[in-house]
Amino acid sequence: MGYQTPLYQKHIDAGARIVDFGGWDMPIQYQSLLEEHHAVRQHAGVFDVSHMTIVDIDGSDAKAWLQYLLANDVDKLNEVGRALYSGMLNESGGVVDDLIVYRQEVGYRLVVNCGTREKDLHWMARQSKGYQVSITERPDLAILAVHGPESIDKVCTLLDPDLSARVQALGNFRALESGTWFIARTGYTGERGLELLVPNEDAPALWDQLLTQGVKPIGLGARDTLRLEAGMNLYGHDMDETVSPLAANMAQTIAWEPASRNFIGRATVEQHRIDQTNGLLPYLTGLVMEERGVLREGLRIVCDVNGQEREGVITSGTFSPTLKHSIALARIPTGSTNCRVDLRGKLIPVRLVKPNFVRFGKKVFE
Amino acid sequence: MSSFPEDLKYAATHEWVRLEDDGTVTIGISDHAQELLGDIVFIELPKEGAVITAKQEISVVESVKAASDIYAPISGEIIAINEDLVDAPETVNSSPYGDGWFCKILPSDPTELEELLDANGYAEICE
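Residues numbered from 1 in each chain as written. Chains lettered and ligands numbered in written order. Predicted model: local features only at pLDDT ≥ 70, side-chain atom pairs only at ≥ 80, totals over all residues. Heavy atoms only, no water.

### Looking at the overall build of chain A
Here is step 1 of the chain: In terms of helices and strands, chain A carries nine helices and 22 strands.
Here is step 2 of the chain: Its C-alpha radius of gyration of 21 Å places chain A within 12% of the 21 Å reference for a compact globule of 366 residues.
Here is step 3 of the chain: In terms of principal-axis extent, the alpha carbons of chain A reach across some 65 × 50 × 40 Å.
Here is step 4 of the chain: In chain A, which comprises 366 residues, the proportion classed as buried is 57%.
Here is step 5 of the chain: A total accessible area of about 15300 Å² is found for chain A, and carbon and sulfur atoms account for 49% of it. (Helix = DSSP H or I, 4+ residues; strand = E, 2+ residues; numbered from the N terminus. Rg over C-alpha atoms; globule rule 2.2 N^0.38 Å. Buried < 20%, exposed > 50% of the residue type's maximum accessible area, 1.4 Å probe, protein only. Areas by Shrake-Rupley, 256 points an atom, 1.4 Å probe, with all protein chains shown as cover.)

Dropping the structure here:
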């Protein structure tokens, strides 16, 4: 038996199939992954993501330290409540983890992956030497992610009028604090929605109230198809400690300016940038296959680069429930053309697109 | 809980077989198999008229989560395929023993049926 979130019994009650996920007993699906996927694209769904690790950062050097720890620059968080997506890199320019950082009224809040929890906490502790910072894990908080076009309205029906108005006014990638609750307009689905970070003891009643409002429980299976349609990376699949953020479609999350800011891995990823321009570093692309069959993680991609045959690999692949055909993320040589996937020994042509397939329920690539 | 109808025979690779009155057999995949696969999105069916031997790959089922080979439980000739599954593969999830059948086979060696598992034997290996 693994770790259980405060909502474990709620998952059992809702008929979930439970699987091990990074040491946690988590719902992979309730009744049908496809129905759960469509519920989020068309109405509203709730995910229990309490297995994810919340870390609060405080102290007089909190900002300076995060500017050193993260490839993105928390200086962009120029107002309380703003959020930023960033990689946390190692010296060799690999991705230790990807995370969201929020600026709080006091200090900062990070949400990191569950499978990397111990590694991340060790890494942060090690990198904090010489800085006046406190690093506090928050296992006392649960996270309910409520996403879909109707999600914000449904959550707001549960809040008092003042808080409801504040949540309705919340911009994307913004968060607010209300007593012990932390409410953020962030997520992993490509739909509007909220992440509700609440005390563990508040989570079961909140779950019940959301279900009463018609919000459907959504398992990790649909979470994966939703994030992949949104072109969002999954740590350990699309990138890890051996992969440059530039080879993982994370270039936009690296703040190169000011050039004087020294973040961990900076020198190496600066070299990666030059390598990529010269075609020496691969890149992460979206793939589309409109014929029958499903692109899967690990499948080989064969392509042409300057008249030579080269190879890449699918890092995440699925059937897209919204588009009704297969999509994938793949790492392929920079400059690739004529890409084909090796499907059971047959080379099937695939189309390269920007790694963003579905936003707000609609197809976004040509 | 998965269901294991008593009137069927089963292969350890999760196919079911029903002997019809005319001596042909109908095959499909078990309730347990469709549960493991989850939502099925594509099915590649065998060709009508193909002559197959037991344990040969005859079909591929793709769900959102996984791809799975389907093996011939017995030898013979494929005399019918369930073409409705091409456009409605989810039928296998909703009715694995009914409308979700895969194909019909004219067995070349009916004694092979005796080598298959009965419902109890199959239920045991699914535990």
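Read on, since the account is not over.
### Some remarks on the overall build of chain B
Here is step 1 of the chain: For chain B, the helix and strand inventory stands at four helices and nine strands.
Here is step 2 of the chain: Start at the N end of chain B and walk to the C end: the helices and strands fall as β-β-β-α-β-β-β-β-β-α-α-β-α.
Here is step 3 of the chain: Compactness check: chain B gives a C-alpha radius of gyration of 13 Å against a globular reference of 14 Å for 127 residues, within 12% of the reference.
Here is step 4 of the chain: In terms of principal-axis extent, the alpha carbons of chain B reach across some 35 × 30 × 25 Å.

### Thoughts on the side chain of B:Ser63
Here is step 1 of the chain: When you line up the elements, B:Ser63 lands in strand S6 (residues 57-63).
Here is step 2 of the chain: The class for B:Ser63 is buried, based on a relative accessible area of 0%.
Here is step 3 of the chain: For B:Ser63, the side chain forms a polar contact with the main-chain oxygen of B:Leu37, separated by 2.7 Å.
Here is step 4 of the chain: Apart from the residues within four sequence positions on either side, B:Ser63 is in contact with A:Val294, A:Arg296, B:Leu37, B:Gly38, B:Asp39, B:Ile40 and B:Val41. (Polar contact = N/O pair within 3.5 Å; in protein donor to acceptor, adjacent residues only side chain to side chain. Contact = heavy atoms within 4.5 Å.)

### As for the nonpolar core
Here is step 1 of the chain: A:Phe47, A:Tyr102, A:Val111, A:Ile143, A:Phe319 and B:Val41 are the most contacted members of the largest nonpolar core, which totals 27 residues.
Here is step 2 of the chain: Every element with two or more residues in this core is listed here: helix H2 (33-42), strand S6 (95-103), strand S9 (141-147), strand S11 (181-184) and helix H8 (220-229) of chain A together with strand S4 (40-44) of chain B.
Here is step 3 of the chain: By residue number, the principal contributor to this core is H2(A), which donates four residues.
Here is step 4 of the chain: Setting aside residues no more than four positions away along its own chain, B:Val41 makes contact with A:Leu34, A:Val294, A:Phe319, B:Glu62, B:Ser63, B:Val64 and B:Pro89. (Core = buried A, V, L, I, M, F, W, Y, C linked by side-chain atoms within 4.5 Å.)

### Thoughts on the sheet that holds S6(B)
Backbone-to-backbone hydrogen bonds pair the strands of a sheet. The strands run either parallel or antiparallel.
Residues and elements named next belong to chain B.
Here is step 1 of the chain: As summarised here, the arrangement of the three strands in space is S4-S6-S7, forming an open sheet in which the pairing is antiparallel. Each edge of the sheet is formed by a strand with only one pairing partner; in this case those strands are S4 and strand S7 (67-71). Strand after strand, the sheet turns through a mean of 25 degrees between neighbouring axes, direction not considered.
Here is step 2 of the chain: Relative to S6, S4 runs antiparallel, the two sharing four bridges. Looking at S6, one finds that phenylalanine 42 is bridged to glutamate 62. (Pairing = 2+ DSSP bridges. Axes fitted to C-alpha atoms, helices over the stretch in contact; angles between N-to-C directions.)

### Section: the pattern of salt bridges
All names here are of chain A.
Here is step 1 of the chain: The final tally for this structure, using the stated rule, is 22 salt bridges over all chains.
Here is step 2 of the chain: A salt bridge links arginine 227 to aspartate 224; the nearest nitrogen and oxygen atoms lie 2.9 Å apart. Residue arginine 227 and its partner aspartate 224 are both found in helix H8; the two are separated by three residues, about one turn of the helix.
Here is step 3 of the chain: Owing to a relative accessible area of 1%, arginine 227 belongs among the buried residues under this scheme.
Here is step 4 of the chain: With a relative accessible area of 27%, aspartate 224 lands in the partly exposed category. (Salt bridge = Lys/Arg side-chain N within 4 Å of Asp/Glu carboxyl O.)

### A short note on the interface of chain A and chain B
Here is step 1 of the chain: The interface is formed by 13 residues belonging to chain A together with 15 residues belonging to chain B.
Here is step 2 of the chain: On the chain A side of the interface with chain B, the three residues burying the most area are A:Arg292, A:Arg296 and A:Arg344, jointly 44% of the side's total.
Here is step 3 of the chain: Along the contact surface separating chain A from chain B lie two salt bridges.
Here is step 4 of the chain: Here B:Asp69 and A:Arg344 are joined by a salt bridge, their closest N and O atoms 3.1 Å apart.
Here is step 5 of the chain: Those elements that place two or more of their residues in the side of chain A that touches chain B are H2 and strand S16 (308-320) of chain A. (Buried area = accessible area lost by both parts, 1.4 Å probe.)

### Describing the packing of aromatic side chains
Here is step 1 of the chain: According to the stated counting rule, one finds eight aromatic pairs over all chains in the structure shown.
Here is step 2 of the chain: On the basis of an interplanar angle of 75 degrees and a centroid distance of 5.0 Å, the ring pair of A:Tyr102 and A:Phe182 is categorised as edge-to-face. Separated by 80 residues along the polypeptide, A:Tyr102 in strand S6 and A:Phe182 in strand S11 bring together distant segments of the chain.
Here is step 3 of the chain: Classification of A:Tyr102 by relative accessible area gives buried; the value is 2%.
Here is step 4 of the chain: Seen from their ring centres, A:Phe319 and B:Phe42 are 5.6 Å apart, and the 90 degrees between their planes marks the pair as edge-to-face. (Phe/Tyr/Trp six-rings, centres within 6.5 Å; stacked < 30°, edge-to-face > 60°.)

### Concerning the pairing of S6(B)
Here is step 1 of the chain: Along S6(B), six of the seven residues are buried, which leaves the element largely enclosed by surrounding structure.
Here is step 2 of the chain: The hairpin turn running from S6(B) into S7(B), its antiparallel successor, is three residues long.

### Brief notes about the domain arrangement of chain A
Residues and elements named next belong to chain A.
Here is step 1 of the chain: The domain architecture assigned to chain A consists of domain 1 (1-281) and domain 2 (282-366).
Here is step 2 of the chain: Each of domain 1 and domain 2 has a C-alpha centre, and these two points are 26 Å apart.
Here is step 3 of the chain: Of the residues lining the interface, 26 residues belong to domain 1; the matching set on domain 2 comes to 25 residues.
Here is step 4 of the chain: Between domain 1 and domain 2, roughly 2000 Å² of surface is buried when both sides are summed, and carbon and sulfur atoms account for 54% of that area.
Here is step 5 of the chain: Three residues stand out in domain 1 for area buried against domain 2, namely Leu228, Glu229 and Asp238, and they jointly supply 29% of the buried area on that side.
Here is step 6 of the chain: Remark: the boundary between domain 1 and domain 2 carries zero salt bridges.
Here is step 7 of the chain: Summed over the shared surface of domain 1 and domain 2, the result is 17 residue pairs in polar contact (both at pLDDT 80 or more).
Here is step 8 of the chain: Elements with a minimum of two residues in the side of domain 1 that touches domain 2: H2 and H8.
Here is step 9 of the chain: The residue makeup of the side of domain 1 that touches domain 2, split by class, is 10 nonpolar, 10 polar and six charged. (Domains from an automatic or database assignment. Nonpolar A, V, L, I, M, F, W, Y, C, P; charged D, E, K, R; others polar.)

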